[in-house]
Amino acid sequence: MRDYTEEELKILSDMLPNIALQLRTSLATVYTAVDRLVPADMREKDAKTDRTAAAFYQSYYRLYRVISNLTDAGQLFDRKRFELYDDDIVGVCRSVCGEVDFLFNMQGVTLDFLSDRDSRIISLDAAAIRKMLLNLLSNALKFTPQGGSVRVKTEGRNVKITVADSGCGMNSDTLAHLFDRFIDGGQDPMPPRGLGLGLPICQRIAQGHGGRIVAQSEEGRGSLFTVSLPAVRAGRVRLKDRGSDYAGGFNPTLVEMSDALSGEAFLQKYLD
C-alpha cells in the first residue's frame, strides 16, 4: 500500500466514517418502514410480494455493505492494534465457507474448502478475519460464471489462506492498482457496485495481523489471492458467548456477500 497524503488520510479516517453514520441512520429508518409495510408473514404467504420485497432488500444490503466499508475505512490507517487472541484459524475459515456454501450453490458455483490439518491455533482477530475472507469470497463469486469453482485452502508452516477462482481474471493494469484503486480513482472505472474499499480493507486486516495479501491473475484464467499470516500465539484467549452476537436484525453474511448475489438470496426464507 502506498503512502497517503494528509488530505487523503483525513478523508478516509474521519470524513468517510462520519458520512457513513449519517447514511446508516437514514437507511435504518427506510428499512424499518418497509419492514412494517411488508412484514415477514405477508411475504411468506405471497410469492409475488416476496420477490418484490426481495428486490428492495437486495439493494438495502448492498447499500449497507457500502456504508459498512466507509465506516471501516478508518482501519486502513488506524494504528491501534487489532484485538488478537489465540483462536483456530482453520475453524474460522471452515465456518465461513460453511455459511456461504448454499449461496454459491444458488449461483451455480462450486465452493471447496481444503486444509492440511483439522485445526491451527494462532493469534488472530476472528471478526476481522471473517470480514476479510467474506470479502474475498464475494469477489470470487462475483466474477466466476455459473459452472465455475472457487477454492479456499489453508496450509503451510506460516499459515497461508488462498482463495482461487475460475472466473474472468484481471489484466496487469487492474492488478497493479488493486489495493489502492479507491484513492487512485480515475485510473480504473468505478466498480459496478461499491467503492473499491473492500480489498484495501482486506490488506489492512492482513497487515494488522503481521501478515500480507498478494494477488495473481490473468485475463480469462481466474484469480488467486493469498493471505500469509505468522504462526504465532498471543498467549491469551477470549471467552465467547456465541448466543450473544447481535447483527442489528439483518444477516451479516448476506451483507458481506450481497454484491455477488442474485435477488433470490433475499427471499424471506433466507433472511430468517
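Note that this is a predicted model, so its numbers are computed, not measured. (Residues numbered from 1 in each chain as written. Predicted model: local features only at pLDDT ≥ 70, side-chain atom pairs only at ≥ 80, totals over all residues. Heavy atoms only, no water.)

Thoughts on the sheet that holds strand 5 (residues 159-165)
Pairing is mixed across the open sheet formed by five strands, whose spatial order is 2-4-5-7-6. The sheet is open, and its two borders are formed by strand 2 (110-115) and strand 6 (212-217), each paired with just one other strand. Strand-to-strand twist in this sheet, taken as the mean axis angle between neighbours without regard to direction, amounts to 10°. Where strand 2 lies against strand 4 (residues 149-155), six bridges are found, and the strand directions are parallel. When the bridges of strand 4 are listed, F113 appears paired with V152. The strands touched by helix 4 (residues 89-106) within the sheet are strand 2, strand 4, strand 5 and strand 7 (223-229), with strand 2 carrying the most contacts at an inclination of about 165°. Sitting on the sheet, helix 5 (residues 126-142) is in contact with strand 2, strand 4, strand 5, strand 6 and strand 7, with an inclination near 25° to strand 5. (Pairing = 2+ DSSP bridges. Helix = DSSP H or I, 4+ residues; strand = E, 2+ residues; numbered from the N terminus. Axes fitted to C-alpha atoms, helices over the stretch in contact; angles between N-to-C directions. Contact = heavy atoms within 4.5 Å.)

So, a nonpolar patch on the surface
A surface patch of nonpolar side chains, about 260 Å² in accessible area, is lined by M15, I19 and L23. Summarising the element assignment, I19 is placed in helix 1 (residues 6-37). (Patch = residues over 30% accessible without salt bridge, like charges linked within 9 Å, V, L, I, M, F, W, Y side chains within 5 Å. Areas by Shrake-Rupley, 256 points an atom, 1.4 Å probe, with all protein chains shown as cover. Salt bridge = Lys/Arg side-chain N within 4 Å of Asp/Glu carboxyl O.)

Here's the deal with the pairing of strand 4
Burial along strand 4 is one-sided: V150, V152 and T154 are buried, and none of S149, R151, K153 and E155, which face the opposite way, are. As judged from the six bridges shared by strand 4 and strand 5, these two strands associate in the antiparallel manner. By the bridge assignment for strand 5, K153 is matched with T162. Counting the residues in the hairpin turn of strand 4 and strand 5 gives three residues, including G156, whose phi is positive at 95°. (Buried < 20%, exposed > 50% of the residue type's maximum accessible area, 1.4 Å probe, protein only.)

As for the pattern of salt bridges
What the rule picks out here adds up to 10 salt bridges. The closest approach of N and O atoms between R65 and D259, which form a salt bridge, is 3.1 Å. On the criterion of sequence distance, the pair formed by R65 in helix 3 (residues 47-72) and D259 in the loop between helix 8 (252-257) and helix 9 (268-271) is long-range, its members being 194 residues apart. No difference in accessibility class separates R65 from D259, as the two residues are buried. The residue K131 makes a salt bridge to E256 at a minimum N-O spacing of 3.0 Å. Linking K131 in helix 5 with E256 in helix 8, this pair joins segments that are 125 residues apart in sequence. The class for E256 is buried, based on a relative accessible area of 9%. Look at the salt bridges and you will find they share partners, linking R65, K142 and D259 into a network.

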